Amino acid sequence: MANSASGMHVNDECKLKFLELKAKRNYRFIVFKIDEKAQQVTIDMVGNPEETYDSFTKCMPENECRYAVYDFDFTTPENCQKSKIFFIAWSPDTSRVRSKMLYASSKDRFKRELDGIQVELQATDPTEMSLDIIKGRVNL
């Protein structure tokens, strides 16, 4: 169903891949993009479970907006293995204004389709989504 504010539809494959990431841990990350012609959010790329955070950040285009989810594994100071699913809204300063507005207006509805997101980040340049920031959001 299209969002009345942005008119954006979420492709069913986006929801299915997210459920696989969350429940089966088939992916380390998923990068989503808005197909402006089709007026829907689609999958841009997925990362295998063995992919690193560095390989994920390299997937983010320098001049285009994207949404992404990343399954971050970590060990707590008490030596417990944990995982948190991050939602990252990537909106680089160098992207088109129209694109930034479209991604901003569609973000909340898209996020609601992905039940299970635990942490949200908004990033306009790579330093705003560095591994240190990710670790800081899980109190490491």
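Residues numbered from 1 in each chain as written. Predicted model: local features only at pLDDT ≥ 70, side-chain atom pairs only at ≥ 80, totals over all residues. Heavy atoms only, no water.

An unreviewed UniProt entry annotates the chain as ADF-H domain-containing protein originating from Brassica cretica. For the chain, the Sequence similarities (unreviewed entry) comment in UniProt is given as "Belongs to the actin-binding proteins ADF family." (UniProt positions renumbered as here; feature names shortened; annotations may be inferred.)

Engineer: Tell me about unusual backbone geometry, and name the residues and values.
Structural biologist: The phi torsion at Gln 39 lies on the positive side, around 55°, for a residue other than glycine. Tracing the sequence through the fold places Gln 39 in the loop between β2 (29–35) and β3 (40–47). One non-glycine residue, Asn 79, adopts positive backbone phi at about 70°. Relative to the elements of secondary structure, Asn 79 occurs in the loop between β4 (66–75) and β5 (81–90). You can call Asn 79 exposed: its relative accessible area is 62%. (Helix = DSSP H or I, 4+ residues; strand = E, 2+ residues; numbered from the N terminus. Buried < 20%, exposed > 50% of the residue type's maximum accessible area, 1.4 Å probe, protein only.)

Engineer: Tell me about helix α1 (residues 12–24), and please be specific about residues and values.
Structural biologist: Over its 13 residues, α1 runs 17 Å from end to end, which matches the ideal 18 Å to within 8%, given 1.5 Å per residue. When α1 is considered as a whole, its buried residues turn out to be Cys 14, Phe 18 and Leu 21. For α1, the angular spread of the buried residues around the axis is 60°, confining them to a single face. When the buried face of α1 is taken as reference, the exposed residues oriented beyond 90 degrees from it are Leu 16, Ala 23 and Lys 24. Tucked into the core, α1 has its buried residues touching β1 (9–10), β2, β3, β4, β5 and α3 (97–113). Two to three positions downstream of the cap, the backbone nitrogen of Glu 13 sits 2.7 Å from a side-chain oxygen, assigning the N-cap of α1 to Asn 11. Downstream of α1 by a residue or two, Arg 25 has a phi angle that is positive, lying close to 60°. (Expected span 1.5 Å × (residues − 1). Arc of directions from axis to C-beta. Contact = heavy atoms within 4.5 Å. Polar contact = N/O pair within 3.5 Å; in protein donor to acceptor, adjacent residues only side chain to side chain.)

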